[in-house]
Amino acid sequence: MWAVAAIAGLLAVLTTALPWHDAVATTQRVAPVLTFLVGVTVLAELADIAGLFELAARRVVPFARGSTRVLLLLVCILATATTVLLSLDTTAVLVTPVVLAVALAVEADPMPFAYATVWLANAASLLLPVSNLTNLLALDRLGGLGNAGFARRMLLPELAAVVVVVLVLLIRFRRPLSRTHRPAEPFAIGDRWLVAVAAGCCLAVAPAALAGLPPWQAALPAALVLAAAFALRRRRSALRWSLVPWRVVLLTEGLFLVVATAGRHGLDHLLSQAAGHGVLRTEVVGAATSNLVNNLPAYLALERAVPAGHQQQLLGLLLGTNAGPMLLVTGSLATVLWRERCRARGVIVPAGQFLRLGLLVTPPLLLATYGGLLAG
């Protein structure tokens, strides 16, 4: 997928379907977003190697006192916090496998835990600009709202989204959640100093961004500090080039160029008619388009259809593209990555089952987040 997007973007420029000055402007806009993506991905990967996420997942088990329902609620808190602070992809890629490992270790049904991570990876990515790439893309079009202002506007939609997801999980999986689980085996922490540094670096990103620092200037130094800590602890083998998500970088850049090209050739007009000017309509169109073509290109295309200065409508679009892709397993990159991690742990999620459960959570999720946006 990344190769197709990169080649398509390059061809758009080479054939002048997208003029050179438009391509440069598009790349300049996406550069800070991609820099943040690289920084937060390297940071999260190193934190995972240090054992931070496994430690967090295993340490919540004793607090459940044998209750599978309480254990799920604690996992929901962990998944929400990780999504908010380190982005939805971190939850999908790094939290999912350790949560499933913990569920299997205590002989609990892994399916509610699997859905908790993917649903909250998407739905809980509304609060901060760093929680989702779409939020970062929207920030420069939100009229100087800023990181803190964005968080204030999205607080109620975020709370509404998390509450809906948790309620649907508790109702849909009430039978397996009513059973008790066995105690977890003792877990030994590896390098405590490295885990502490990893935790400090991860926790520093969101407050730094809320304080006014551009998100990439918060994530990249944190990643460099943690990398330096690995070097000091003689763990240089962990510092490999594969930590850099170059495929996702090429995918994102390619999609930007392709969408900009399509917009110049009629897509902008078509999507403007589809989205209209209503906030709820834009949210629903954003959710539907995300499920059909993936949420990142859906946002990139629909953003161009929202007139400048229509802040509420643009926030509504974010609600749809962030929390809406819950129906098809290809609806968001995070969901695609999550399904791969589930399969690697022996947890198979059929596309039909994902769609059926998505139909339970998506409509109330869209309505609740819309209500939260209006109330805020």
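Structure: above.
Figured I'd write up the structure that's included with this text. Small disclaimer: the values here were computed from a predicted structure and weren't measured.

Brief notes about the nonpolar core
Leu43, Tyr115, Trp119, Leu169 and Leu226 are the most contacted members of the largest nonpolar core, which has 126 residues in total. Among the elements that line this core, the one with the most residues is helix 2 (residues 20-50), at 12 residues. The contacts of Leu43, once residues within four sequence positions are left out, are Leu86, Cys201, Cys202, Val205, Ala222, Ala223 and Leu226. One finds Val13, Leu18, Ala23 and Leu257 within the second-largest nonpolar core, a separate group that totals 6 residues.

Concerning unusual backbone geometry
The phi dihedral of Arg65 falls on the positive side, at around 50°, and the residue is not glycine. Relative to the helices and strands, Arg65 resides in the loop between helix 4 (61-64) and helix 5 (68-86). At Ser87, a residue that is not glycine, the phi angle is positive and equals roughly 90°. Ser87 sits in the buried class, given a relative accessible area of 9%.

Details of helix 5
Given a rise of 1.5 Å per residue, 19 residues ought to cover 27 Å, and the 26 Å separating the end C-alpha atoms of helix 5 matches this to within 8%. Buried within helix 5 we find Thr68, Leu71, Leu72, Val75, Cys76, Leu78, Ala79, Thr80, Thr82, Thr83, Val84 and Leu86.

A few points about the packing of aromatic side chains
Scanning the entire structure with this criterion turns up 5 aromatic pairs. Ring geometry for Tyr115 against Trp338: centres 5.9 Å apart, planes inclined by 55°, an arrangement best described as tilted. Note that Tyr115 is positioned in helix 7 (residues 110-123) and Trp338 in helix 17 (residues 333-344), a separation of 223 residues in sequence. A relative accessible area of 0% places Tyr115 in the buried class.

Structural notes on a nonpolar patch on the surface
A grouping of Leu292, Val293, Leu328, Leu355 and Leu359 is seen on the molecular surface, where their side chains present a nonpolar patch of about 450 Å² in accessible area. With respect to the helices, strands and loops of the structure, Leu292 is situated in helix 14 (residues 279-293). Classification of Leu292 by relative accessible area gives exposed; the value is 68%.

Describing the packing of helix 11 (residues 192-210) against helix 12 (residues 215-232)
Two numbers describe how helix 11 lies on helix 12: the axes approach to 8 Å, and their chain directions differ by 170°. What the angle tells us is that helix 11 and helix 12 run roughly antiparallel. Along the contact surface, helix 11 presents Trp193, Leu194, Val197, Ala198, Cys201, Val205, Ala208 and Ala209, while helix 12 presents Pro215, Ala218, Ala219, Ala222, Val225, Leu226, Ala229 and Phe230. Grouping the constituent residues of the contact of helix 11 with helix 12 by class yields 16 nonpolar, no polar and no charged.

Section: the pattern of salt bridges
A side chain with one charge can pair with a side chain of the opposite charge if their charged atoms come near. Inspection of the entire model under this criterion finds 5 salt bridges. The residue Arg29 makes a salt bridge to Glu303 at a minimum N-O spacing of 2.5 Å. Placement of Arg29 in helix 2 and of Glu303 in helix 15 (residues 295-303) is noted, with a sequence separation of 274 residues between them. What makes Glu303 buried here is its relative accessible area of 4%. For Asp191, the salt bridge is made with Arg233, and the minimal N-O distance between the two is 3.0 Å. One end of the pair, Asp191, is in the loop between helix 10 (174-177) and helix 11; the other, Arg233, is in the loop between helix 12 and helix 13 (246-275), and 42 residues separate them in sequence. By relative accessible area, which is 38% here, Arg233 ends up partly exposed. Here the residues in one salt-bridge network are Arg29, Asp140 and Glu303, joined through shared partners.

Focus on the environment of Arg65
According to the relative accessible area criterion, Arg65 is exposed, its value standing at 78%. Each C-alpha atom, one on Arg65 and one on Pro183, is 8.0 Å from the other, the two residues being 118 residues apart in sequence.

A few points about the side chain of Thr261
Looking at the element boundaries, Thr261 is found in helix 13. Under the relative-accessibility criterion, Thr261 is labelled buried at 11%. Looking at Thr261, its side chain comes within polar contact range of the main-chain oxygen of Leu257, at 2.7 Å. Not counting residues up to four positions away in its chain, the partners in contact with Thr261 are Ala12, Ala17 and Leu18.

Some remarks on helix 7
Helix length check: helix 7 (14 residues) gives 20 Å between terminal C-alpha atoms against 20 Å at 1.5 Å per residue, within 8%. Among the 14 residues that make up helix 7, 14 are buried, leaving the element largely enclosed by the rest of the structure. Two or three places before Met111, at the start of helix 7, stands the capping residue Asp109, its side-chain oxygen 3.0 Å from that residue's backbone nitrogen.

Remarks on the side chain of Thr82
Turning to its location among the elements, Thr82 is positioned in helix 5. Under the relative-accessibility criterion, Thr82 is labelled buried at 6%.

Here's the deal with the packing of helix 7 against helix 17
Where helix 7 meets helix 17, the axes come as close as 10 Å, and the angle between the chain directions of the two elements is 165°. Here helix 7 is positioned roughly antiparallel relative to helix 17, judged by the angle of their axes. The two elements helix 7 and helix 17 meet at a crossing, and its hand is right-handed. Here Ala114, Tyr115, Thr117, Val118 and Asn122 of helix 7 lie close against helix 17, whose contacting residues are Thr335, Trp338 and Cys342.

What counts as what
Residues numbered from 1 in each chain as written. Predicted model: local features only at pLDDT ≥ 70, side-chain atom pairs only at ≥ 80, totals over all residues. Heavy atoms only, no water. Core = buried A, V, L, I, M, F, W, Y, C linked by side-chain atoms within 4.5 Å. Buried < 20%, exposed > 50% of the residue type's maximum accessible area, 1.4 Å probe, protein only. Helix = DSSP H or I, 4+ residues; strand = E, 2+ residues; numbered from the N terminus. Contact = heavy atoms within 4.5 Å. Expected span 1.5 Å × (residues − 1). Phe/Tyr/Trp six-rings, centres within 6.5 Å; stacked < 30°, edge-to-face > 60°. Patch = residues over 30% accessible without salt bridge, like charges linked within 9 Å, V, L, I, M, F, W, Y side chains within 5 Å. Areas by Shrake-Rupley, 256 points an atom, 1.4 Å probe, with all protein chains shown as cover. Salt bridge = Lys/Arg side-chain N within 4 Å of Asp/Glu carboxyl O. Axes fitted to C-alpha atoms, helices over the stretch in contact; angles between N-to-C directions. Parallel < 35°, antiparallel > 145°, perpendicular 65-115°, else oblique. Nonpolar A, V, L, I, M, F, W, Y, C, P; charged D, E, K, R; others polar. Polar contact = N/O pair within 3.5 Å; in protein donor to acceptor, adjacent residues only side chain to side chain. Left-handed = near helix turned anticlockwise from the far one by under 90°.

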